[in-house]
Amino acid sequence: LGGKGMDLGLSEVQQMLKSSAQEFLSQECPLTLVRAMEDDNSGENDQLWRQIASLGWTGVAFPESYGGTGGDFLDLAVLLEEMGRALCPSPFFSTVVLGGLTVLDVGSDAQKQDIVTKICDGQLLMTLALTEQTATYEPWGIETVATRQGDNFVLNGTKLFVPDAHVADLLLVAARTSDEGDPAHGITLFLVPSGTSGLTVTQLSTISADRQCEVILNQMSVPASSVLGEVDQGWPVLERALERATAGKCIEMLGGASAVLDMTVEYVKGRTQFGRPIGSFQAVQHHCADMATDVEGSRVVAYQAAWKVSEGVPAQREVSVAKAWVSAAYQRVCSTAHQTHGAIGFTKEHDLQLYTRRAKVQELNYGDVNFHKDVALQYVEGQLT
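Notes on the structure follow. (Residues numbered from 1 in each chain as written. Predicted model: local features only at pLDDT ≥ 70, side-chain atom pairs only at ≥ 80, totals over all residues. Heavy atoms only, no water.)

1. Here we look at the environment of E230
Within the fold, E230 resides in the loop between β8 (227-228) and α7 (235-270). Considering only alpha carbons, one finds E230 and V106, 124 residues apart in sequence, at a separation of 8.6 Å. (Helix = DSSP H or I, 4+ residues; strand = E, 2+ residues; numbered from the N terminus.)

2. Concerning the packing of aromatic side chains
Tallying each qualifying case throughout the model produces five aromatic pairs. Each ring, one from F93 and one from Y366, has its centre 6.3 Å from the other, and the planes form 25 degrees; the classification is stacked. In this pair, F93 sits in helix α5 (residues 92-106) while Y366 sits in the loop between α10 (352-364) and α11 (369-384), placing the two residues 273 residues apart along the sequence. As far as the burial class goes, F93 and Y366 line up, both buried. Among the aromatic residues, ring-to-ring pairing joins F93, Y137 and Y366 into one connected group. Above the face of the F93 ring, K249 is positioned so that its terminal group lies 4.2 Å from the ring centre. (Phe/Tyr/Trp six-rings, centres within 6.5 Å; stacked < 30°, edge-to-face > 60°. Buried < 20%, exposed > 50% of the residue type's maximum accessible area, 1.4 Å probe, protein only. Lys NZ or Arg CZ within 6 Å of the ring centre and 35° of its normal.)

3. Concerning the packing of α7 against helix α8 (residues 282-311)
Between α7 and α8, whose axes approach to 9 Å, the crossing angle comes to 160 degrees. It follows from the interaxial angle that α7 and α8 lie roughly antiparallel. By crossing handedness, the relation of α7 to α8 is classed as left-handed. Among the residues making up the contact of α7 with α8, the classes are represented as 19 nonpolar, three polar and three charged. (Axes fitted to C-alpha atoms, helices over the stretch in contact; angles between N-to-C directions. Parallel < 35°, antiparallel > 145°, perpendicular 65-115°, else oblique. Left-handed = near helix turned anticlockwise from the far one by under 90°. Nonpolar A, V, L, I, M, F, W, Y, C, P; charged D, E, K, R; others polar.)

4. Points about α10
The periodicity of an α-helix, 3.6 residues per turn, causes residues three or four positions apart to be oriented the same way. Summarising burial for α10: 10 of the 13 residues are buried, a large majority. Taken together, the buried positions of α10 are L352, Q353, L354, Y355, R357, R358, A359, V361, Q362 and E363. One or two residues past the end of α10 sits Y366, with phi positive at roughly 60 degrees.

Function cannot be read off these values alone, since they describe shape.
And the structure:
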C-alpha cells in the first residue's frame, strides 16, 4: 500500500454517523422492540425499516449514481457496529451486505440500475441463498443444480440457513451449472424474485430467533437474463461476498460485545453486597478488565479486516484472523458477564441472554473459529516455507 497504514480513528463524518446511529437506535430500537420481534412472525418491523431507509443507511456504501451517498465499506462498518450493539431486528445485513454489494460487484448496468437503486430507496429486500445440508462455505457444498433449457435455467435443490428469505423480494441463489473437475468451477448466481413458481420458503427455529430459512427449489425456472455475472464463474464472486460478509459480521459482533461490557459495568456499579458495590471487589474488577481486553482486541482486528476490505486489497488473512478471534472473544465476554451478574444474568427476563444467544449463532456464521484458524494457519505456513 505504499506505506499507507490503517488509521484506527474514525473520520469526522464517520463519527457523526456513529453518534446519530446511537441516538436513533436507542430511541427507535430499544431492547423491548427486539424482544417483541422475536415473537413476531416476520421478525422485522416495517416502520423501523422505513426509518432506516429514510436516514440513508441503505445507501451508505453505494455510489450516488444509484441513489446512494458514495461511502465505502468502513462507513457501512460504523453502522453495523451500532446495529450489532442494539441487536437491530432488520434485514439490513442480508439486503445491503449480502445482496446489494454483490450486485454492485458484477451486475450488468441494467441490473445495478434496477436493484441497487431500489435498495438505496428501501424499496427492495434481498438475501443470499448459499449454504446447503453440509452447512459449509466452500464450493463443494453447493449441490443445487441449474440445468439449461432453451432460454431458461431450471433449478433443483435445497438451501439452508438463508437469512431473511421469508421477507426478501429477491434471492441471490448459488447453483451448479457444471460438474467437471474443480468444484470452484461451474457455479452460477441467479437472481430469483420471491413468489417464483417452484420456490418454497420455510422459517427455521434457531437459538437466536434470527430468522434463518429453508429454501426449496423444485423445478424452478428462471430466464437466462437472471444470471448475475457469468455462467460457471460465480465462485470468485461468492468468495468476495463471503469475505465482506465475514468482516461485517465481526463488526456486528464487536457491537454486541461492547454492549455486554457496558451492561456489566453498569450492573457491578449498582449491585451491592456486603455493604458495598460488587464492582469494588478486585475479582469482579478483573472480570471486567478481561472483558474490556477482549472487546478492544476485537475492535482492532475487526476494523483492520474491514479497512482492508474497504481498500479493495487482499484481506482473507485479516478477515479470518478477525473471525477466529472475535467469535471466541464474544463468547468469553458473554460467559464472564453471566458469571459477574450471577443468577439474574441467567434469566430470560434479563437482557444479557439476548446477546448470548445471538453470539452463539454469529460464531457459526460464515465459518466458525476452527474454520478460520485453518485459513490463518495456511498463511502462516506459507510464510514459514
